[in-house]
Amino acid sequence: MNIQPAYKELFDRYDQSPFVAISEQTIDHEILKLTSDPSTAVELDKAELIAFRFVENYHDTETPFYKPLRQVTMEDGSERVYPDIKEASPEMMAYWQYRAESSSHPVVKARYAGLVNEFALQVTGQKPAHTISRMFAQALLDTVSNSLITIHLYKVRKLERALSVALKLNDTTLANEIKNCILLLEAAVPINETRNFWPFSFDLLIGGKKKLLTEEDETALIQRLEQRFAYFLVNDTEAAWEASKRLCTYYQSQKDSANLQRVINELEAAYRSSFENQPLFQKVHTLERLHKVYTQYGNGAKAAELLIEIRATSKDADREMKAVGGSQSFPQSEIDKMVNKILTHQGDQLFVTLAVLNKMKMNEIKQSVEESSRTNGLYFLLSKDLLDAKGRKIGALPPYKEDPAPYWIRQAEVLIKYMALITRPILDEGINRGIITVQEIMNYIRLSPSFETSNLAVVEVAIRHFVAGDYVAFICIIIPQLEEAVRNTLEKNGGNILIKKDDIYMLKTLDNILGDPIVVTKLGEPNCFHLKALLTEKTGMNLRNDVAHGYILPDKFDQQHADTIFAALLIFVLRTVDDSEPD
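The rules behind the values
- Residues numbered from 1 in each chain as written.
- Predicted model: local features only at pLDDT ≥ 70, side-chain atom pairs only at ≥ 80, totals over all residues.
- Heavy atoms only, no water.
- Phe/Tyr/Trp six-rings, centres within 6.5 Å; stacked < 30°, edge-to-face > 60°.
- Helix = DSSP H or I, 4+ residues; strand = E, 2+ residues; numbered from the N terminus.
- Buried < 20%, exposed > 50% of the residue type's maximum accessible area, 1.4 Å probe, protein only.
- Lys NZ or Arg CZ within 6 Å of the ring centre and 35° of its normal.
- Expected span 1.5 Å × (residues − 1).
- Contact = heavy atoms within 4.5 Å.
- Polar contact = N/O pair within 3.5 Å; in protein donor to acceptor, adjacent residues only side chain to side chain.
- Lys, Arg positive; Asp, Glu negative; His and termini not counted.
- Salt bridge = Lys/Arg side-chain N within 4 Å of Asp/Glu carboxyl O.
- Pairing = 2+ DSSP bridges.
- Axes fitted to C-alpha atoms, helices over the stretch in contact; angles between N-to-C directions.
- Parallel < 35°, antiparallel > 145°, perpendicular 65-115°, else oblique.
- Left-handed = near helix turned anticlockwise from the far one by under 90°.
- Nonpolar A, V, L, I, M, F, W, Y, C, P; charged D, E, K, R; others polar.
- pLDDT = per-residue confidence, 0-100.
- Core = buried A, V, L, I, M, F, W, Y, C linked by side-chain atoms within 4.5 Å.
- Bend = angle between axes of the 7 residues up to and from the residue.
- Patch = residues over 30% accessible without salt bridge, like charges linked within 9 Å, V, L, I, M, F, W, Y side chains within 5 Å.
- Areas by Shrake-Rupley, 256 points an atom, 1.4 Å probe, with all protein chains shown as cover.

A. Here's a closer look at the packing of aromatic side chains. The tally for this structure, following the rule as stated, stands at 17 aromatic pairs. The interplanar angle of 45 degrees and the centroid separation of 6.5 Å between the aromatic rings of Tyr66 and Phe136 together place this pair among those described as tilted. On the criterion of sequence distance, the pair formed by Tyr66 in strand E2 (residues 66-67) and Phe136 in helix H6 (residues 130-145) is long-range, its members being 70 residues apart. Taken individually, Tyr66 and Phe136 each receive the classification buried, so the pair is uniform in this respect. One aromatic cluster in this structure is built from Phe11, Tyr14, Phe52 and Tyr112. The ring of Tyr14 has Arg13 sitting right over it, with the charged end atom 5.5 Å from the ring centre. The ring centre of Trp408 lies 4.6 Å from the NZ or CZ of Lys366, which sits over that ring.

B. Here's a closer look at helix H8 (residues 172-187). A rise of 1.5 Å per residue sets the reference length of H8, with its 16 residues, at 22 Å; its end C-alpha atoms lie 22 Å apart and thus fit the reference within 8%. Of the residues making up H8, those classed as buried are Leu174, Ala175, Ile178, Lys179, Cys181, Ile182, Leu183, Leu185 and Glu186. Looking at the packing, one finds that the buried side of H8 touches H6, helix H7 (152-168), helix H9 (200-205) and helix H10 (215-235).

C. Local environment of the environment of Lys211. Here Lys211 shows up in the loop between H9 and H10. Overall, Lys211 belongs to the exposed group, its relative accessible area being 57%. Here the side chain of Lys211 touches Glu218 through a polar contact of 2.8 Å, side chain to side chain.

D. Region of the structure containing the environment of Asn235. Looking at where Asn235 falls in the secondary structure, it is placed in helix H10. Expressed as a C-alpha distance, the spacing of Asn235 and Thr194, which sit 41 residues apart in the sequence, is 8.4 Å. A polar atom in the side chain of Asn235 sits 2.8 Å from the backbone oxygen of Tyr231.

E. Seen up close, the side chain of Asp84. Relative to the assigned elements, Asp84 resides in the loop between strand E4 (79-82) and helix H4 (90-102). Buried within the structure, Asp84 lacks any salt-bridge partner; Lys86 is the closest side chain of opposite charge, at an N-O distance of 5.5 Å. A distance of 3.0 Å separates a polar atom in the side chain of Asp84 from the backbone nitrogen of Lys86.

F. How the structure looks around the pairing of strand E7 (residues 498-501). Examined bridge by bridge, E7 and strand E8 (residues 504-507) share four bridges and lie antiparallel to one another. Looking at E8, one finds that Lys501 is bridged to Ile504. Between the antiparallel neighbours E7 and E8 lie two residues, among them Asp502 with a positive phi of about 55 degrees.

G. Broad picture of the packing of helix H1 (residues 5-14) against helix H2 (residues 24-33). At a minimum axis distance of 10 Å, the contact between H1 and H2 shows a crossing angle of 150 degrees. Comparing their axes, H2 and H1 come out roughly antiparallel. Of the two possible hands of crossing, H1 and H2 adopt the one that is right-handed. Here Tyr7, Leu10, Phe11, Arg13 and Tyr14 of H1 lie close against H2, whose contacting residues are Ile27, Glu30 and Ile31. Considering only residue class, the contact of H1 with H2 consists of six nonpolar, no polar and two charged.

H. Looking closely at the confidence of the model for the protein. With 91% of its residues at a pLDDT of at least 70, the protein reaches an overall mean of 87. At the low end of the mean pLDDT range in the protein sits strand E5 (residues 384-387), at 68; at the high end sits H6, at 97. A low-confidence stretch, residues 320-329 (pLDDT under 50), is modelled with seven contacts involving residues beyond four sequence positions or located in other chains. Note on residues 579-583: pLDDT is under 50 here. Beyond four places in sequence and across chains, it has 17 contacts.

I. Structural view of the nonpolar core. Ranked by internal contacts, the top residues of the largest apolar core, which has 173 residues, are Trp96, Ile445, Ile463 and Phe474. Beyond its immediate chain neighbours, meaning those up to four positions away, Phe474 contacts Ala462, Ile463, His465, Phe466, Ala562, Ile565 and Phe566.

J. Quick peek at helix H19 (residues 405-432). For H19, with 28 residues, the first-to-last C-alpha span of 40 Å sits near the 40 Å given by 1.5 Å per residue. The principal kink in H19, of about 30 degrees, is found at Thr423, preceding the proline Pro425 by one to four residues. Immediately downstream of H19, the backbone of Gly434 shows phi near 80 degrees, a positive value.

K. Fine view of the packing of helix H16 (residues 347-358) against helix H20 (residues 438-445). Between H16 and H20, the shortest axis-to-axis distance is 9 Å and the interhelical angle comes to 75 degrees. Comparing their axes, H20 and H16 come out roughly perpendicular. Here Gly347, Asp348, Phe351, Val352 and Ala355 of H16 come into contact with H20, specifically with Glu440, Ile441, Asn443 and Tyr444. A per-class count over the contact of H16 with H20 returns five nonpolar, two polar and two charged.

L. Seen up close, the pattern of salt bridges. A complete count under the given rule lists 35 salt bridges for this structure. Salt-bridge contacts for Arg289 lead to Glu238; the nearest nitrogen and oxygen are separated by 2.7 Å. In this pair, Arg289 sits in helix H13 (residues 280-296) while Glu238 sits in helix H11 (residues 237-253), placing the two residues 51 residues apart along the sequence. The class of Arg289 is buried, set by a relative accessible area of 10%. Of the charged contacts in the structure, one is a salt bridge between Arg464 and Glu460, with a shortest N-O distance of 2.8 Å. Taken together, the residues span about one helical turn, with Arg464 and Glu460 both in helix H21 (residues 453-468) at a distance of four residues. Several salt bridges share partner residues, and in doing so they unite Glu268, Arg272, Lys302, Glu305 and Glu309 into one network.

M. Here's a closer look at the environment of Leu290. Inspection of the secondary structure puts Leu290 in helix H13. If we skip the residues at most four places from it in the chain, Leu290 touches Leu267, Glu268, Tyr271 and Leu306.

N. A look at the side chain of Arg161. The topology assignment puts Arg161 in helix H7. Side-chain polar atoms of Arg161 contact the side chain of Glu118, separated by 2.9 Å.

O. Seen up close, a nonpolar patch on the surface. Residues Leu498, Tyr505 and Leu507 make up a contiguous nonpolar surface patch of about 310 Å² in total accessible area. With respect to the element layout, Leu498 can be found in strand E7. A residue is classified by how much of its surface remains accessible, and Leu498, at 33% relative accessible area, is partly exposed.

P. Fine view of unusual backbone geometry. Between Ser17 and Pro18 the backbone carries a cis peptide bond, its omega angle lying at 0 degrees. As for its position among the elements, Pro18 is in the loop between H1 and H2. The amide bond that connects Tyr82 to the next residue, Pro83, takes the cis arrangement and shows omega of -10 degrees. Structurally, Pro83 can be placed in the loop between E4 and H4. Phi is positive for Asn542, which is not a glycine, with a value near 55 degrees. Along the chain, the position of Asn542 falls in the loop between helix H25 (525-536) and helix H26 (543-548). Exposure remark for Asn542: the relative accessible area of 8% places this residue in the buried category.

Below, the structure written as structure tokens:
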């Protein structure tokens, strides 16, 4: 089959030995750069364009390993996905099989073979050949064993899929090779690693329908899990909870009641030792966990005792929460569920999801302000002075009926800060798991044509500071780079970034640019409003101006303010990529 010369040159470079580590997202970006007009691509070129647009599905092994990059709900309620496998033809399937058979780089081979393995029956009506399925599993194994990807979670999920395919093929030799790779990967994770790097070996190799481990392997794996559990009890009770669930499941399956009870007792002791510094609502959540453990593993009497304690503590927690006027809290279990759901996404799609999570909803803001104006009429009727951080008057807030916009800005500030609190657990866990990295963030930012190549090195410095927790450096570096990117958006779309004053052409202010019709059309009105509330409005956070003029107080160089800027950065990139969806 013929391959377009530009594509062939790209893949020939990948196939050169020794193979280089590369992500599917990077390959996708390079293919897009080589395609002058994706909308007019012919059949086989289209096959290349969409092959790496699918993202890996990490939910379970019974659903296709690949899912669309995007899913959009239309006005009529219907769903539109891209790429849509329904648009693939038998010719494209044959092309992917040819590419799998002719490619050498395991990451490339795995993608083409995987598409055939997962979708051949749906597209052609015929199951994939065993040889292509085996090629898929082998390429996934080779990808991990040769360290051709860097993110731990992706390694785990590729091995999980490879093992599932090998077991379905009843290929014992390949399954054992994958098992050995899993054990090697687990052994490389230090005992004191509290991030979610350690549970996978137990989850994949113990308790399955087919026994893969020798008695020696199983004993060694459980001993390492016990060592982790002992460390977690002292240093990280959340990790201890995860380890305890696996140990309890194992000891129950082995009918080892003594070790089962020991694990539960040690977990409860560690939890109770942490109660002193916990708010009551968190204590209730912890007690509910223990109640679940005792119920699940057959200690009804202890479960009943805990239920009485939970009810008593819950009443105290209700009083505690009522005393915190206007505060909002969420059960830890709900936070965990949201974090884990969002972190199933990968690469660009993860950052798109975070961007959408933080997007401004203008109608809700206006409605909220309108409702507040009815219940707190006096505040909205009077004019109020605006003061800077040092108490100097810098303007006035007019009555609401005269000009509602400043009140919308103030409400937007509340929402922006609130969403930063929601986003932080996702960022923490993503960084801890090695999913959110400097490299992955920069891959996403590079999608935007608004960031000049010459400036990306500076942007990367800012991102490194953000991931490392140096928020002062991040805020000071990223704000000018984001402002320049907004300015580039105007200029690249035919607008004028200069204004004449006293025979001198000066750059327009960021506030002026965010109000330009070209920028409003490109970014969307809610997103321009978001950036104004965050960066340039005196009635809002005004971070751009406060940082530039040294007005910002030191305590605002904090995590929450950094998170608000990072979220705005993600939204900006999403709205400036060439194929972004309109608001």
